[in-house]
Amino acid sequence: MKLNLQLFALPFRRTSKTKKRMRRTHLKKEVGAITTCPKCGTALRPHRACKKCGYYKNEDVLHLEAEEQK
Ligand SMILES: [Zn+2]
């Protein structure tokens with residue numbers, strides 16, 4: 001008498017170490033693009049104004065120091 005013990009879907013074969021590692025080559029964290037501020041030199045995401053000095057494209061867009069004086 002043959003018992004049917006398979007009640008749910010199971011993988012036919014165990015995934016080999018190589019197959020598992022090949023799949024996981026894509027599972028890595030990507031490092032975002034980083035540029036440096038030409039004014040103060042801190043690390044920045046591109047196309048963002050600098051939080052430290054408030055400059056973007058050599059222009060004061062955030063006016064950080066002006067707000068401190070008020
Ligand atoms: Zn800056």
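Residue positions are counted from 1 within each chain, in the order its sequence is given. Per-residue local features of the predicted model are confined to residues with pLDDT of at least 70, and side-chain atom pairs are confined, for both listing and counting, to 80 or more; whole-chain, interface and lining totals are unaffected and use all residues.

A few points about the overall build of the protein
Phase 1 of the analysis: The helix count covers DSSP runs of H or I at least four residues long, the strand count covers runs of E at least two residues long, and both are numbered beginning at the N terminus. A count of helical and extended segments in the protein gives two helices and four strands.
Phase 2 of the analysis: Listing each helix as α and each strand as β along the protein from the N terminus yields α-β-β-β-β-α.
Phase 3 of the analysis: Exposure classes come from backbone-placed C-beta atoms, where a residue is buried if 20 or more other C-beta atoms lie within 10 Å of its own, exposed if 12 or fewer do, and partly exposed in between. Within the protein, the proportion of its 70 residues that are buried is 1%.
Phase 4 of the analysis: Nonlocal contacts in the protein, meaning residues at least 24 apart in sequence, comprise 0% of its contacts between residues at least 6 apart. By the convention adopted here, residues are in contact when the distance between their C-beta atoms, placed from the backbone, does not exceed 7 Å.

Remarks on the environment of Y55
Phase 1 of the analysis: Within the secondary structure layout, Y55 lies in strand β3 (residues 55-56).
Phase 2 of the analysis: On the basis of neighbour count, Y55 is assigned to the partly exposed category, with 17 C-beta atoms found within 10 Å.
Phase 3 of the analysis: Considered as a pair, Y55 and C40 are 15 residues apart in the sequence and their alpha carbons are 9.2 Å apart.

Here's the deal with unusual backbone geometry
Phase 1 of the analysis: Here the phi dihedral of H47 falls at roughly 65 degrees; this positive angle occurs in a residue that is not glycine.
Phase 2 of the analysis: The phi dihedral of N58 falls on the positive side, at around 60 degrees, and the residue is not glycine.
Phase 3 of the analysis: Under the C-beta neighbour-count criterion, N58 is labelled exposed, with 7 such atoms within 10 Å.

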